[in-house]
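# Residue-level structure breakdown
The lines below spell out each chain.
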Amino acid sequence: MSQSKKSQKSLWRPLVEAIDKRITPPANALVRTNVFADAVAIGTRYEARLRRRVEAQTSWVLHQYNLPSATDVRRMRAQLAALEARLRDMDERLEDSIQENRRAKSSGPAGTAAAEQK
Amino acid sequence: MSPPDPSDLVEGIRREAQRSLFRARNGIKLATGAIKPTTGVTPKQVVWTRGKAQLWRYESDKRSRLPPVVIVWSIVSRSYILDLRAGQSFVQSLLDAGIDVFLLDWGEADAVDSRNTLETYVDNYMPRALERAAEVAGAASVDVLGYCFGGLMSLLCVAGHADVPVQNLVVMAAPIDMDKIEGLIRALQRGDMEVEDLLDDSGNIPADAVYRGFSTLRPTADLMKYATLWERLWNDEYVDGYQAMASWIRDQTPLPGGVARQLTEVFLRSNLAITGEVPLGDRVVRFADVTCPVLNVMAENDHMVPPTSSECLQGLLGSDDYTDVRIPAGHIGLAAGRDAALITIPRIIEWLNHRSTVPTSAV
């Protein structure tokens, strides 16, 4: 290492590097263990369950007052998204068939006949 | 030991005082978010679009070779890492080498895309985008460069579409053997966690969860990152680079739920990619059908996709012209940063130029 680079190094840097050298290998090893993965999996599962339970309770209360709950809104959004996805698929098919026709026309009468058959 | 020169001492104090001033200024800017990094700097044009996917062609007056290179980006992160800032751009380096560069960006999945599957991308989008790139460039074929999961998608597309005009294929840090991938993904693999537990209201795995999945692989990375930042906070150039990179790392994209389910079943739990036969749509795609020249670029210090996950590719392909290269870099350093500029990019360009000697006059 050059002298100028050495002089740029802070006095506390070796301490941080030593700490990093000490804690990084065991920390890296820990997050790669099955125990860690299991702990995160359990946490995620329970978080999802808790969320669903809270939503169910909230929905029940809101429905008593004829109000839409987050679940209702989510269902509606999902339906709208599915509808939009179907529209997108149809749009893509239409675009493909227009392209095919164009190609067939540009390749002459034989191509047009083939495209019409399709 | 000679006593310190008083003039050196004064100079040192003066320099440190100045740096402290700059540190305070840049620290305030960083903390308040006053400076926004400018990323994706190279001018480009959208030449094809479908769904959220876009094909970009980067502007250049140096195009001197065919076929063009189409970069196929991963589905879970932002592509601007390849064009991060001036002087730190994978794309710009390829352009400077006379290559006509296209990039296939998948956009950000929302509720509409939650049912997208691999077939959406590999069978619907990719063949059309690659054909469009060839058409726009006035070439008979294209070279494909797939990065990370984009590498696996490129393999599936080339193997599953004999009619797609691909001359050469480069895959970078492509995950093939999923048993070699470590971290939280193991919980999904072993069935201790289900995709449904991770989906949000839109039906996708949210960007935050994707970020958490990646960041837990290096839990102490922030310690050295912040130490270096503090040390060099006075340096505007370093702070710009730091901000651009830090914001990219946090800026992940949601993973469509349909793709996540398929990934889990086909690739993680059944690990079918290492057999070279992957079910896609109503058929089985065989890597043995990839007969074009293939360059497999692996990063030796890759903590996300270790080289052991990619190296098995050789035995699965039908290509007679296979090269693999190991770069002493990490997953991100493979495409961005000093290692990319000094090692990765020159190797890729050299390999491509060796196999793509058609001079371009019509470009």
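Scroll up for the structure.
The following paragraphs examine the structure supplied in this document. (Residues numbered from 1 in each chain as written. Chains lettered and ligands numbered in written order. Predicted model: local features only at pLDDT ≥ 70, side-chain atom pairs only at ≥ 80, totals over all residues. Heavy atoms only, no water.)

## Describing the pattern of salt bridges
Oppositely charged side chains can pair when the atoms bearing their charge come close. Condition: Whenever a carboxyl oxygen of Asp or Glu lies within 4 Å of a side-chain nitrogen of Lys or Arg, that contact is scored as a salt bridge. Helix and strand definitions follow DSSP, with helices as H or I runs of at least four residues and strands as E runs of at least two, each counted in order from the N terminus. Any residue under 20% of the maximum accessible area for its type is buried, any over 50% is exposed, and the rest in between are partly exposed; the area is computed with a 1.4 Å probe on protein chains only.
For the structure on display, the rule yields 36 salt bridges over all chains. With a closest N to O distance of 2.7 Å, Arg50(B) and Asp96(A) form a salt bridge. Of the two residues, Arg50(B) is situated in strand 1 (residues 44–50) and Asp96(A) in helix 4 (residues 70–106); the pairing between them involves two chains. With respect to burial, Arg50(B) and Asp96(A) carry one shared label: buried. A salt bridge links Asp96(A) to Arg128(B), with the shortest nitrogen-to-oxygen separation between them at 2.7 Å.

## Considering the packing of helix 1 (residues 6–32) of chain B against helix 9 (residues 236–250) of chain B
All names here are of chain B. Threshold: In this analysis, axes come from line fits to C-alpha atoms, helices being fitted only over the stretch in contact, and the angle between any two N-to-C directions falls in the range 0 to 180 degrees. In these notes the angle categories are as follows: under 35 degrees is roughly parallel, over 145 is roughly antiparallel, 65 to 115 is roughly perpendicular, and the rest is oblique. Two helices crossing with the near one rotated counterclockwise from the far one by less than a right angle form a left-handed crossing, whereas a clockwise rotation gives a right-handed crossing. Residues are treated as being in contact if the distance between any of their heavy atoms lies within 4.5 Å. We call Asp, Glu, Lys and Arg charged. Ala, Val, Leu, Ile, Met, Phe, Trp, Tyr, Cys and Pro are nonpolar, and the rest, Gly among them, are polar.
Across the interface, helix 1 lies against helix 9 with an axial gap of 11 Å and an inter-helix angle of 20 degrees. Judged by the angle between their axes, helix 1 and helix 9 are roughly parallel. Here helix 1 and helix 9 pass one another in a crossing that is right-handed. Contacts between helix 1 and helix 9 involve Arg25, Asn26 and Leu30 on the former and, on the latter, Asp236, Val239 and Gln243. Its residues assigned to classes, the contact of helix 1 with helix 9 comprises 2 nonpolar, 2 polar and 2 charged.

## Let's talk about the side chain of Thr344(B)
Of note, Thr344(B) is situated in helix 12 (residues 338–355). Non-local contacts of Thr344(B), meaning those with residues more than four positions away in its chain, are made with Met172(B), Val297(B), Ile327(B), Leu334(B) and Asp339(B).

## What about the state of the cysteines?
Residues and elements named next belong to chain B. As a reminder of what qualifies: The definition used for a disulfide is geometric: two cysteine sulfur atoms within 2.5 Å.
For the coordinates displayed, the defined rule picks out 0 disulfides over all chains. As a non-bridged cysteine, Cys148 has Cys312 as the owner of its nearest cysteine sulfur, 15 Å distant. We classify Cys148 as buried; its relative accessible area is 14%. We note that Cys292 lacks a disulfide partner, and the nearest cysteine sulfur, in Cys157, lies 11 Å from it.

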